[in-house]
Amino acid sequence: MHTADADRDMSSGTAPAAAAAPASPSQPPGEGAVSVLWSFGKCLAALLPVYLAGYYGFSISFLLLGVMIYMGYKHGRLEKEMRLKSSMYLLENEREFTTQKLFRSRRDLPPWISFPDVEKVEWLNKILQQAWPFVGQYLEKLLVETIAPAIRASSIHLQTLNFTKVNLGEKALKLVGVKAHTEQDKRQVMLDLYLSYAGDVEINVEIKKYFCKAGVKGVQLHGKLRVILEPLIGDVPLVGAVTMFFIRRPKLDINWTGLTNLLDIPGLNAMSDTMIMDAIASHLVLPNRLTIPLVADLHVAQLRSPLPRGVVRIHLLEAEDLTAKDTVIKGLIDGKSDPYAVLRVGTQIFTSHHVDSNLNPQWREMYEVIVHEVPGQELEVEVFDKDPDQDDFLGRAKIDLDIVKKARIVDDWFNLRDVPSGSVHLRLEWLSLLSSADRLSEVIQKNQNLTAKTADPPSAAILAVYLDQAYELPMRKDNKDPSPMVQISVQDTTKESKTCYGTNNPVWEDAFTFFIQDPRKQDIDIQVKDDDRAFPLGSLTIPLSRLLESHELTLDQWFHLENPGLASRLYAKIVLRVLWLSDDASPTTPSPPPSGSGSGLDQGEITSNQNSTGPGGQTKPLPSRPQNTTPDPEFATEGVLRIHLVEAQNLIAKDNFMGGMVKGKSDPYVKIRVAGITFRSHTIKENLNPVWNELYEVILTQLPGQEIQFELFDKDIDQDDFLGRFKLNLRDIISAQFIDTWYTLNDVKSGRVHLVMEWLPRVTDLPRLEQILQYQSQQSYQNKVVPSAAVLFVYVERAHGLPLKKNGKEPKAGVEITLKNVSYKTKICERSTSPRWDEACHFLVRDPRDETFTVKLSHSWGQTLGSLTVLLREVLSEPGLMLDKWFSLDGALPESQILLRVTLKILDTQLAVCRGTPGAGGDGGVEQFMPRWVPSHLDLKHRSGFSIVADNANSAAQVKLTIGYSAEENRLFIIVHSCRALAACSKDGADPYVSFVLLPDKKATTKRRTATKKRDLNPEFNERFDFDFGLEESMQRRLDLSVKHSVSFMSREKELIGKLQLDLDQIDLKAGVTQWYDLVAEST
């Protein structure tokens, strides 16, 4: 073919034959001498390191290391060049390659053969090929005339920068296939472009001042680009905007030249490509989108961050005929398995509970996932066998969510792939998004009838918050511009925006999504803070009921913030959509999975195998790797509870003598149970008023209904005697943040315990760490515990380039993370040199300035695959106290790396600010009092440290109750917490107890009574009573409650202290209501 390059060669007067001919006698005489000198110089440069190593007495290992690095570099360069050549060959000879290899595996076939709905666009490729030289001319002009001057002006060190060569080469970008989706929305056109570029591009840059040359010679890029043309309009250019993005990360491979040859060193090569891919992903990989408006007055933000396509409710029902992994006598006798399932949709991951010893398990669990793009996104279900050491793989299944959208309900069995047998039963429901609240009550009523073993109830709606910008935020205390970020909370879920540094008029343009159970009762809480999360810049609370009254359930406006700045405003668009399952939807069986389940390809993998194997038999190109981790949104949200067990008083004497005639003592100790963890104090001999002074710390996830149980026992030789118990609700402690009080023991005649509990705030304020460490160094506890100053969160995502086993097979890799004497082990992945775990763990840290943690990779906890040691002081020097990157592994291959996120949260404490620092105003070193929050229902009679004024001495007596209905247990429950301000019935106060009956029946099944508390006008009961009533029957009941004084038969003291009558239909039983109720005196 007659090309432009050929014309240039001919016009320059240098024919190819002449270039290939041997040197003629007319060759300049000095050219041969220069060639000889150059060869001599290269030999001298190669021998120079050997001479220097011997001269200075260096070890031979330095030379070997240099040789290994050079060989690795050369191997990587040659491998990359061969991959590039094989890709070029495949693209140039696609038809010949296809016809010759027609009977090879399906992965070698181009998309237009494998998938008929993917169309060839050779006419467009011919246009691109014809226009490619002119695209090169435009790029050269852009780089030389626009970009180069801008770079030279940016720094004095780059004033001599020039692009010496810009050539896009002859290999144009190629569209391997195009798939059009026109059935989704008539107002848009959706295209999937399968891009494949294996080009001979050559771009060289030179900085003459530093004699530096660098460049790129050859690039590969393969991926599926989705292009959406919307909205379609009735005027030129017919399309309002073009939106494009990659559903998955494309694959990138770059061949560097010049000084950038260093980037081809093993390890750096993948990192450099990953950095470029991250730059692409930040703009072009879902959920990021690039939107180019073509007409004026277009709402670009809505196109850039559209509402989700829908929500899929996944019912994981059961499985059958799973493979038995727990075999006996080395497989001679088949056993069972302990199966559990892992479900993934994008970054949304759910794990079911495991069923012991069952090949046909039933889970009956429900999950909800947000779907951004259909077709495109898939549901992946993997089943594993739970084992103490390594969980065995039991199979996987993939379901295209576009099938669910079309069918509305898919209820079917799906065969598990990559295993001999097994299938899983799923019910998938597509929930549409309604912009009207007309059916909200119906949706909530339906959700109440759904029962599933999941902590979260079904959602009735989805909330999308588009955070745009703010105006005139207040300045910081030092009169500097703030660095604002926003925390948006709905119930127990909090999400954070990015930080806009150094401005009081920030523009975020962030989008957030929340699941809503009942929008009639929930609020949105928006907190604008400085980047250290300590200085508030404004707040806003919006009831979701306000959205229900707005047009199309949408608020798109400026909101005034509550803060010192009167002009501070925030612009946001808040959209509520009701989740609706169509009434006429009926379960539909999806299309059968493709045959050859173990080797088939998804449509998203079409182009990834176009360059799998060229005619030279080269290996597949390495897929691009992400630069940063993508943990679950719940990562690093756990909190730390600190419990200080101080002392007890007036305990019961259990060690009696002579049949109880002589009172003795007790040897008390305490057991504390929280979140499956048990702490035990030491035993104090013969003491009814023991002082323990012990400290315990535990990391907790904030789950509803979580309790802390305290039990006291008397230590004996045979059987320990019971000395009392009480329970506390974790939510009350979290709300209070700090509690210092006495708790009365239940189920015994006397005794109480003094506790100091604190839910520790987590901050990233580094100067605060010094104050906390200084305070904690002054503390001493009987159990020798040093209070933690921080909590460490580690997210293990994946590894790359791990070494093979000694027998040449790929390893089954697991990760063990150790901090001091505490370790965490991940699951063991299937055989791979690039495994992925996606697991998180956490550790308590005493002093992050001095501590380190280690990461060890091994094959099934045996052969070591590499290790890593991280100094926590490195994390302290990072912004936000977070490291998120690839770490090189010691004792492994040069390219072996692991991707981790390491986050430190400093544990603040109110006690560290209770004492003034010397010189901080006033008298240096004088203790300053800081008020502590004390819940009103606690027993404060013997509090020390500050006095309590009886503000409510003349107020009415009250009782604290929790009344609710458990849908899972189908029963009504009433919890009697405590009473306060009871009237004295004798000179010793009162011995109160609570009795009640659920009218209209006065039977034994409807009557209940608490224990009696001796001589206590503020008693604590904390007793729960259950009734086997349905919801309708419960709402027809009337609570008749009495607080009475326990008197003897002959006593003349008043018995009734107060009464309460309450109709249960006035209470939201499904939500469960906890509050104080006034007691009516007998005279009233």
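Keep in mind it's a predicted model, so treat the numbers as computed, not measured.

The rules behind each value
Residues numbered from 1 in each chain as written. Predicted model: local features only at pLDDT ≥ 70, side-chain atom pairs only at ≥ 80, totals over all residues. Heavy atoms only, no water. Phe/Tyr/Trp six-rings, centres within 6.5 Å; stacked < 30°, edge-to-face > 60°. Helix = DSSP H or I, 4+ residues; strand = E, 2+ residues; numbered from the N terminus. Lys NZ or Arg CZ within 6 Å of the ring centre and 35° of its normal. Pairing = 2+ DSSP bridges. Axes fitted to C-alpha atoms, helices over the stretch in contact; angles between N-to-C directions. Buried < 20%, exposed > 50% of the residue type's maximum accessible area, 1.4 Å probe, protein only. Polar contact = N/O pair within 3.5 Å; in protein donor to acceptor, adjacent residues only side chain to side chain. pLDDT = per-residue confidence, 0-100. Contact = heavy atoms within 4.5 Å. Arc of directions from axis to C-beta.

Trainee: Explain the packing of aromatic side chains to me, using residue names and the numbers behind them.
Mentor: Pairs of aromatic rings are described using the distance from one ring centre to the other and the angle between the two planes. Counted by the stated rule, this structure contains 15 aromatic pairs. Measuring from ring centre to ring centre gives 5.5 Å for Phe996 and Phe1025, while their planes differ by 75°; the resulting arrangement is edge-to-face. With Phe996 in strand 47 (residues 992–999) and Phe1025 in strand 49 (residues 1020–1027), this residue pair connects regions lying 29 residues apart in the sequence. Counting every residue linked through ring pairs, the aromatic cluster contains Phe996, Phe1025, Phe1027 and Phe1029. Of note, Lys495 hangs over the ring of Phe514, and the distance from its end group to the ring centre comes to 4.8 Å. The ring of Phe1029 is capped by Arg1037, whose NZ or CZ atom sits 4.4 Å from the centre of that ring.

Trainee: Go over the sheet that holds strand 35 (residues 752–760) with me, naming the residues and quoting the values.
Mentor: Hydrogen bonds between backbone groups are what pair the strands of a sheet, and the pairing can be parallel or antiparallel. Across the sheet, which stays open at both edges, the four strands sit in the order 31-26-35-34 with antiparallel pairing between neighbours. Each edge of the open sheet is held by one strand with a lone partner, namely strand 31 (691–700) and strand 34 (738–744). Averaged over all pairs of adjacent strands, the angle between strand axes in this sheet comes to 20°, irrespective of strand direction. Pairing of strand 34 with strand 35, which is carried by seven bridges, proceeds in the antiparallel orientation. Note on strand 35: the bridge partner recorded for Phe738 is Glu758.

Trainee: A description of the side chain of His859 should follow, citing residues and the corresponding values.
Mentor: Relative to the helices and strands, His859 resides in strand 41 (residues 852–859). Residue His859 is classed as buried on the basis of its relative accessible area, which comes to 12%. Side chain to side chain, His859 and Lys805 meet in a polar contact 3.3 Å long.

Trainee: Can you tell me about the confidence of the model for the chain, naming the residues and giving the values?
Mentor: Of the residues in the chain, 79% have a pLDDT of 70 or more, and the chain-wide mean is 78. Between residues 102–109, whose pLDDT stays under 50, and residues either more than four places distant or in other chains, the model counts 14 contacts. Counting interchain partners and residues more than four positions distant, the pLDDT-below-50 stretch residues 914–954 has 49 contacts.

Trainee: Run through unusual backbone geometry, naming residues and quoting values.
Mentor: Backbone torsion omega between Glu230 and Pro231 reads -10°, so that peptide bond is classified as cis. Here Pro231 shows up in strand 4 (residues 212–232). Looking along the chain, the bond that leaves Val236 and enters Pro237 is cis, with omega of 15°. Assignment of secondary structure puts Pro237 in the loop between strand 4 and strand 5 (239–246). Positive phi, close to 70°, is recorded for Arg408, a residue that is not glycine. Judged by relative accessible area, which is 29%, Arg408 ranks as partly exposed.

Trainee: Summarise helix 14 (residues 766–776); cite the residues concerned and give the values.
Mentor: Structurally, the α-helix is built with 3.6 residues per turn, so residues lying three or four positions apart point the same way. Taken together, the buried positions of helix 14 are occupied by Arg768, Leu769, Ile772, Leu773, Tyr775 and Gln776. End-on view of helix 14: buried residues confined to an arc of 160°, all on one side of the axis. Seen from the open side of helix 14, the exposed residues pointing more than 90 degrees away from its buried face are Pro767 and Gln774. Its buried side turned inward, helix 14 meets strand 26 (639–649), helix 15 (872–876) and strand 44 (897–907).

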